[in-house]
Amino acid sequence: MKTIQVIPKADIEPKLKTLLKETERHLRGGTTAFRRQREGRWKHVKYRGWIKWDETLGGLLVAEVHPRKGESDWQLLQAFIGYLDRHLGEYVESISIHYR
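Residues numbered from 1 in each chain as written. Predicted model: local features only at pLDDT ≥ 70, side-chain atom pairs only at ≥ 80, totals over all residues. Heavy atoms only, no water.

(A) Representation of the overall build of the protein in the model. Across its full length, the protein carries two helices and six strands. Listing every helix and strand of the protein by position from the N terminus yields β-α-β-β-β-β-α-β. Computed over its C-alpha atoms, the radius of gyration of the protein comes to 13 Å, within 12% of the 13 Å expected for a compact globule of 100 residues. Taking the principal axes of its C-alpha atoms as reference, the protein extends roughly 40 × 35 × 20 Å. Out of the 100 residues in the protein, the part that is buried amounts to 35%. Taking the intrachain contacts of the protein between residues at least 6 apart in sequence as the baseline, contacts between residues at least 24 apart amount to 58%. Here the protein holds 19 positive side-chain charges and 13 negative ones, and the gap between their average locations is 10 Å. (Helix = DSSP H or I, 4+ residues; strand = E, 2+ residues; numbered from the N terminus. Rg over C-alpha atoms; globule rule 2.2 N^0.38 Å. Buried < 20%, exposed > 50% of the residue type's maximum accessible area, 1.4 Å probe, protein only. Contact = heavy atoms within 4.5 Å. Lys, Arg positive; Asp, Glu negative; His and termini not counted. Charge placed at Lys NZ, Arg CZ, Asp CG, Glu CD.)

If you want it as structure tokens, here you go:
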């Protein structure tokens, strides 16, 4: 499992969690790559596995990449980071990947 830590730019409003939820709602039903399973859990339409994400103190967004058993997580990881860059890039200061 890999963990992604997204640090927002200083003093952005609304918070990254709110922006991510609004973006998913706006793209829902269209050609988006991720589908909401429940609050804070998304599934990719092509790559097997899911992303579990939430906001922490200080407005940081933390996401865990959970591939299906026996499958590689690099495609799911790449898809989520690409999604963040395309839709929230102007609000992001940095993205870190932690390997576990």
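(B) Summary view of helix α1 (residues 16–27). Relative to the 16 Å expected for 12 residues at 1.5 Å per residue, α1 spans 16 Å between its end C-alpha atoms, a close match to the ideal helical length. Considered for burial, the residues of α1 that qualify are L16, L19, L20, T23 and E24. Down the axis of α1, the smallest arc covering the buried residues is 130 degrees, so these residues share one side. Looking one or two residues beyond α1, the residue adopting positive phi is G29, at roughly 85 degrees. (Expected span 1.5 Å × (residues − 1). Arc of directions from axis to C-beta.)

(C) Representation of the environment of H66 in the model. Inspection of the secondary structure puts H66 in strand β5 (residues 61–67). Classification of H66 by relative accessible area gives buried; the value is 18%. With 24 residues separating them in the primary sequence, H66 and W42 have C-alpha atoms 10 Å apart. Those residues in contact with H66 that sit more than four places away from it in its chain are M1, G49, W50, K52 and L76. Here E64 takes part through its side chain, which lies 3.0 Å from a polar atom of the side chain of H66. (Polar contact = N/O pair within 3.5 Å; in protein donor to acceptor, adjacent residues only side chain to side chain.)

(D) Geometry of the packing of aromatic side chains. For the structure on display, the rule yields six aromatic pairs. Geometrically, the ring pair formed by F34 and F80 is edge-to-face, given 5.9 Å between the ring centres and 85 degrees between the ring planes. Placement of the pair is F34 in strand β2 (residues 34–38) and F80 in helix α2 (residues 74–88), with a sequence separation of 46 residues. Under the relative-accessibility criterion, F80 is labelled buried at 0%. In this structure an aromatic cluster arises from ring pairing among F34, W42, W53, F80 and Y83. The ring of W50 is capped by R41, whose NZ or CZ atom sits 4.1 Å from the centre of that ring. (Phe/Tyr/Trp six-rings, centres within 6.5 Å; stacked < 30°, edge-to-face > 60°. Lys NZ or Arg CZ within 6 Å of the ring centre and 35° of its normal.)

(E) Geometry of the nonpolar core. Counting 21 residues, the largest nonpolar core has L16, L20, F34, I51 and F80 as its most contacted members. At the level of secondary structure, the elements contributing two or more residues to this core comprise β1 (2–8), α1, β4 (49–55), β5 and α2. Looking at this core, the element that brings in the most residues is α2, giving seven residues. Discounting residues that sit within four places of it in the chain, L16 has contacts with V6, I7, P8, E55, G59, L61, L88, Y91 and V92. (Core = buried A, V, L, I, M, F, W, Y, C linked by side-chain atoms within 4.5 Å.)

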